[in-house]
Amino acid sequence: MYRLDPRYAPAPGAVLTTGWPAVAARLPRRPVVVAVDGPPSVDWRDVAGRLTRELAALGTEARVLDVREHYADPAEVRRRTVAAGDEADPYYYPLARNGLGDLFDAPPGAEAPGGGPLLVVGPGAALVEHDVLWYADEPKRHAEAAVVAGTGENLGLPGERADLRRLFYVDWPMLDRHRDALAGRLDGWLDVQDLGRPALLDGAGLRATLALLARRPVRTRPFFNSTPWGGHWAQRELGFNPGARNTALGYELIAPEAGILIGEGPGRQAEVPFQLMCVLHPDEVMGPEVRAAFGTSFPIRFDYLDTAGGGNLSVHCHPRERYMRERFGWPYTQHETYYVTLAGEGGGVFLGLRQDADVDSFRTEIEKAASEGVPMRPEDHVRTFPAERGQLYMIPAGTPHASGAGNVVLEISATPYLYSLRFYDWLRLDADGRPRPLPYEHGLANLDTARRGDAVARDLVPRPRWLRGGAGWHEEVLGALPEMFYEVRRYVLDGSAAADGDTAGRFHVLNVVEGAGVTVETEAGDRHELATAETLTVPAAAGRYRLLPADGPVMVVKALVR
């Protein structure tokens, strides 16, 4: 059965504490400076208030210094974090390269008072000289939801209405670098996504747990969001959030947002960013050669696009390599593939240009749709293919594409994921009744006009190629292109025998696409159950492993850096 909450035990000796009284009891009760850093989505007033009240109940008086009260003027924060020329783009900013020090003219000074501790709280608290360091966190999905709801806060701009553009391209890059730099010296990781039930994992225990997981198969916590095109497959088949409007984009493994649950059960667990494991153990997780190429950025993502009972995705493309690097600041780009796990009746896939496509005519129709609301027929310009279950569709950057209504697509892609350069979105409105953003000028600037006609079917809709095998199983290549740094393969097991794998120094990502599931067993003896539709990372350090079918024939897709 698909697990909504895959969970891993803390390392021996790790201390996991839950509830505000127990969390506050882990604070020193002497005159020291305790920095509690974290993102602006945390309710810092509430966190500080709960800690001080619990300390008072223990007979210790604590003072609070909120670093947000010491930020530079908002106009200055904006000037430092976004160049004047970049403000004109209504859709994207280049990824911010600032440190959190740029939020301040100078970080405030702090001296421990007599008696109890001084709690320095808020984003950038670690920049104040301190004796103890905690990081209070909630997963990024909470920050995005708060901004959409109008209750969120952007970094360095407390009290102002937040926006997603700044959240994605300024706040998150700055916060990620800041958090990652602190990982090796944190004294505590405080999960406050449920303010009524916080969980604290001690810093040494956090690092010891991630050191163990960096050598074993690990699954991140899945999440589905809702969008205007979303379907209902994940609600119906996976049991995910049945009360939601729909389930559209399924976050199986998107490293910048993925979390690992560490604990003993729903009431005793902390969610820790998958990225921290990559930062602390990049060679073990990714492998030395992959780390040399990508640093600590885990470069492959797995997600679902659920349009079963929903609508067509927007027709869009993604930035080409140079444009992505020079305009947006990502060192590698957003190549993608679609693996169709469910093909709706009459469902299709838009991919590449027709042979007779006229780019000027394409532009004119796009502009009329955006400015005048005139509907267009994307299939007059973009090729369409029947959605075929088990087929992989290759989508190099710059290639126009979309999944049609009625499908479930496992998207196996490069990690960058926030750059959908939409040409046409079927005149849909967002949840607030406004036209959805259409950054078509970016799209047209990246359109690969050479991907057209018969070459699309030949190069981008490949047939499986046998690679190797044994009794009762084989491995086949589903897709590989010279310009894409990763390839997609598939294990096919008839259910009578186990298949073997070997990371050979490069991580693998697995997903069960057909059948009841498998058990992944490493040479070191670690075992991990993997059910239908679930995704698993096999770290480079795991080495050799076996796939044991659970019950009958099974297919498992695998992606790896070539």
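Within each chain, residues carry numbers counting from 1 in the order of the written sequence. Reporting in this predicted model follows two pLDDT cut-offs: at least 70 for local features of residues, and 80 or more for side-chain atom pairs to be given and counted; totals over whole chains, interfaces and linings ignore these cut-offs and use all residues. The side-chain quantities take in all heavy atoms of the structure and omit both hydrogens and water.

Novice: Go over the pattern of salt bridges, please, and point to the residues and values.
Specialist: Whenever a carboxyl oxygen of Asp or Glu lies within 4 Å of a side-chain nitrogen of Lys or Arg, that contact is scored as a salt bridge. In total, this model carries 50 salt bridges according to the counting rule given. With a shortest N-O distance of 2.7 Å, E476 and R490 are connected by a salt bridge. Of the two residues, E476 sits in strand 23 (residues 473-479) while R490 sits in strand 24 (residues 486-493), which places them 14 residues apart along the sequence. Only DSSP runs of H or I reaching four residues or more are called helices, and only runs of E reaching two or more are called strands; each is numbered from the N terminus.

Novice: Can you explain the environment of H130? Please cite residues and give values.
Specialist: Position of H130 among the secondary structure elements: in the loop between strand 5 (118-121) and strand 6 (132-137). In protein, a polar contact requires one atom able to donate a hydrogen and another able to accept it; more generally it is a pair of N or O atoms within 3.5 Å, and residues adjacent in sequence count only if both atoms are side-chain atoms. At a separation of 3.1 Å, a polar atom in the side chain of H130 contacts the side chain of R185.

Novice: Let's hear about the nonpolar core: which residues, and what values?
Specialist: Working definition of a nonpolar core: buried Ala, Val, Leu, Ile, Met, Phe, Trp, Tyr and Cys residues. They are joined through side-chain atoms within 4.5 Å. Here's how the labels work: a residue is buried when its accessible area is under 20% of the maximum for its type, exposed when over 50%, partly exposed in between, all with a 1.4 Å probe on protein chains only. Within the largest apolar cluster, 135 residues are counted, with the highest numbers of intra-cluster contacts made by W233, F274, M277, F298, L351 and I412. When residues of this core are assigned to their parent elements, the largest contribution, eight residues, is made by helix 5 (residues 164-182). Contacts are assigned to residue pairs that have any heavy atoms within 4.5 Å of one another. In contact with I412, not counting residues within four places along its chain, are R301, F302, E336, T337, Y339, Y486, V488, V557 and A559. The next biggest cluster of nonpolar side chains, apart from the first, holds 22 residues, and it includes V23, L27, A48 and W134.

Novice: So what's going on with the sheet that holds strand 11 (residues 259-265)? Which residues, and what values?
Specialist: The strand order across the open sheet formed by three strands is 1-11-12, and the pairing between neighbours is mixed. With one partner strand each, in any of the chains shown, strand 1 (7-8) and strand 12 (268-273) form the two edges of the open sheet. Between any two strands, pairing holds if DSSP finds at least two bridges. Where strand 11 and strand 12 come together, six bridges link them in antiparallel fashion. Counterpart to L261 in the pairing with strand 12 is E271.

Novice: Lay out empty space enclosed by the protein in plain terms, naming residues and giving numbers.
Specialist: Residues are called lining when one of their atoms sits within 4 Å of a cavity or pocket point, these points coming from a 1 Å grid over the protein atoms alone, where a cavity is a set in which a 1.4 Å probe fits but cannot get out and a pocket is an open set with protein on both sides within 12 Å along at least five of seven lines. Grid points are joined across faces, edges and corners, and a volume is the space filled by probe spheres set on the points. Under the counting rule described, the total for this entry stands at two cavities of 30 Å³ or more. Its boundaries defined by the atoms lining it, the largest cavity holds a volume of some 240 Å³. Looking at the largest cavity, it is lined by 23 residues, and the ones nearest its centre are D137, E138, P139, K140 and R179. Counting only elements with at least two residues in the lining of the largest cavity, the list comes to strand 6, helix 4 (140-149), helix 5 and strand 12. Tallying contributions element by element places helix 5 first for the lining of the largest cavity, with six residues. When residues are grouped by polarity, Ala, Val, Leu, Ile, Met, Phe, Trp, Tyr, Cys and Pro land in nonpolar, Asp, Glu, Lys and Arg in charged, and all others, Gly among them, in polar. A breakdown of the residues in the lining of the largest cavity according to their chemical character gives 12 nonpolar, two polar and nine charged. Each pocket or cavity is described by its volume, and for the second largest cavity that value is around 100 Å³. Around the second largest cavity, the lining comprises 14 residues; the ones closest to its centre are R141, F223, Y251, E257 and A258. Considering every element that reaches the lining of the second largest cavity, the biggest residue donor is strand 10 (residues 249-253), with three residues. Here the lining of the second largest cavity is composed, by residue class, of six nonpolar, two polar and six charged.

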